[in-house]
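# Descriptive analysis of the structure
Given next are the chains, with one letter for each unit.
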2 protein chains.
Amino acid sequence: MLPESWLEPEKNNAPLIPQLTLDCIILGFHNNQLRVLLLRWKNTQEWSLPGGPIRQNESVNAAAQRILQERTGLDDIFLQQFHVFGEVERYSRAEIQEKLKLIFDPELWYERAVSIGYYALVDYSRVNPTPDAYTDECQWWDIREIPFLLFDHNHIIQVALQALRNQLSWQPIGYNLLPHEFTLPELQKLYETILDRKLDPRNFQRKLLGLGILERLPIRRKGGAHKSPYLYRFDKAKYEAGLKEGNLFFI
Amino acid sequence: MLPESWLEPEKNNAPLIPQLTLDCIILGFHNNQLRVLLLRWKNTQEWSLPGGPIRQNESVNAAAQRILQERTGLDDIFLQQFHVFGEVERYSRAEIQEKLKLIFDPELWYERAVSIGYYALVDYSRVNPTPDAYTDECQWWDIREIPFLLFDHNHIIQVALQALRNQLSWQPIGYNLLPHEFTLPELQKLYETILDRKLDPRNFQRKLLGLGILERLPIRRKGGAHKSPYLYRFDKAKYEAGLKEGNLFFI
């Protein structure tokens, strides 16, 4: 499953919890696309999610923050556990050995690992994608165009998206994925991507503005093809009160 | 944390995943009370949640189903992961050793275990509470009157209740906790208990009936103090469609 010495050698001085790992779905929003950060394994064309093991002396959440910091350069990331992947055989071990045979000895891998899934919502513009010790490249992918991934990582992304859909009304998803200022069409596009369906623009705007959590700025977005829509930002206090009450459900 | 030989000896023939356990919040609704199933440890007055380790040859979900079956006698339980408890030191080990010293050798316990929290929603009337190998008694407790529990189990219950609150509109919580037929005041009481606040009866009934997921039966509940309210049941097809769409939010 995962090499026992997953961490970079110079940092690998704390023992690890055996057979337990985490996987991170790091999401950003850019050019009206929901994007996920993927890693390409050394000397292969094989991609997977960022992840890794948990040290005996760190909490599971701290391990997730550490891995996110290493991959993005950010240390104030909005982060949420969403599911534990605990099947006995999560994927074909033989297939992974074949695909990654040049990289390391399969005998170093646990027969089985349980993985805790986290999603992270980041400000795309602030991320500095950085590969780990086993990978050559760290890159954003449009969520609608991700390739066939190693392990069970395509499945993990699908489960993360379902969690995002379920949590749209009680987690600060828009707040964390969008830049500080945005247009209503941009916010609608984000909702449509997460929900995987089209929304009626007039209904969307009417219901959304009815929540009273957005503040319209006296500025318009320039350079659009047809219109110059107003910029908005979240009224943070009202947004957080709405999330706490759980009454931001409007779609 | 947890004994390596947690399972009953005669069943303990499959190796366990080290340092990983699960805890189950088993909830039932009876006499207008939300109740949770707790275990009393042998020859003590100490209570905790049901739980246990995961075998190398079973999935995490299968382990949860097995533990629930052992404690309740039921094998068709609605079950949901809700959080991973992954702190390095989840509770005072010295305190546990002191409280449970007559029961087993602390050297058999892992220094640290990560616990996966599940909540289970059961039909109260069908449960046959059954202690495990380390406990004398398995009993329902009103969620508002639970005692000080061993380990971090009071905390785990609080986190489970918060998850239930967040998930009221997209998990079949009422459907699984209530008997087949129920009155609107009973359903309101369940919502009030989970949300931990009073709801206006007229608003509650108007909004709830507006969802179109309840079917009124031509029968009234007899024996009430003042009124004889009608019995209702869920229209399962409409309820499931509503859950899938995520549009059962009305509180």
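Each value, and the rule that gives it
- Residues numbered from 1 in each chain as written.
- Chains lettered and ligands numbered in written order.
- Predicted model: local features only at pLDDT ≥ 70, side-chain atom pairs only at ≥ 80, totals over all residues.
- Heavy atoms only, no water.
- Contact = heavy atoms within 4.5 Å.
- Buried area = accessible area lost by both parts, 1.4 Å probe.
- Salt bridge = Lys/Arg side-chain N within 4 Å of Asp/Glu carboxyl O.
- Polar contact = N/O pair within 3.5 Å; in protein donor to acceptor, adjacent residues only side chain to side chain.
- Helix = DSSP H or I, 4+ residues; strand = E, 2+ residues; numbered from the N terminus.
- Phe/Tyr/Trp six-rings, centres within 6.5 Å; stacked < 30°, edge-to-face > 60°.
- Buried < 20%, exposed > 50% of the residue type's maximum accessible area, 1.4 Å probe, protein only.
- Core = buried A, V, L, I, M, F, W, Y, C linked by side-chain atoms within 4.5 Å.
- Pairing = 2+ DSSP bridges.

## Regarding the interface of chain B and chain A
Tallying the contact residues gives 25 residues for chain B and 25 residues for chain A. Regarding the contact of chain B and chain A, the summed buried area is about 2,300 Å², with carbon and sulfur atoms giving 55% of it. Applying the counting rule to chain B against chain A returns zero salt bridges. Put simply, chain B and chain A have 14 residue pairs in polar contact (both at pLDDT 80 or more) between them. Mapped by element, the contributors of at least two residues to the side of chain B that touches chain A are strand E1 (16-30), strand E4 (51-55), strand E5 (78-85) and strand E6 (114-121) of chain B. For the side of chain B that touches chain A, the element with the highest residue contribution is E1(B), accounting for four residues.

## Notes on the packing of aromatic side chains
Counted according to the given criterion, the structure contains 24 aromatic pairs over all chains. Ring geometry for Trp41(B) against Tyr134(B): centres 6.2 Å apart, planes inclined by 40°, an arrangement best described as tilted. On the criterion of sequence distance, the pair formed by Trp41(B) in strand E2 (residues 33-41) and Tyr134(B) in the loop between E6 and strand E7 (135-142) is long-range, its members being 93 residues apart. A relative accessible area of 1% places Trp41(B) in the buried class. The structure contains a cluster of three or more aromatic residues connected by ring pairs, namely Trp41(A), Tyr91(A), Tyr134(A) and Phe151(A).

## With respect to the nonpolar core
Leu22(A) and Leu22(B) are the most contacted members of the largest nonpolar core, which has 52 residues in total. Excluding residues within four positions of it along the chain, Leu22(A) makes contact with Pro50(A), Gly51(A), Gly52(A), Ile54(A), Val60(A), Ala63(A), Ala64(A), Ile67(A), Ser115(A), Ile116(A) and Tyr118(A).

## With respect to the pairing of strand E1 (residues 16-30) of chain A
All names here are of chain A. Summarising burial for E1: 13 of the 15 residues are buried, a large majority. Pairing geometry for E1 and strand E4 (residues 51-55), over four bridges, is antiparallel. Following the sheet pairing, leucine 16 is matched in E4 by arginine 55. Here E1 pairs with strand E2 (residues 33-41) via four bridges, running antiparallel. Counted as the bridge partner of glycine 28 is arginine 35 from E2. The hairpin turn running from E1 into E2, its antiparallel successor, is two residues long, and asparagine 31 in that turn takes a positive phi close to 50°.

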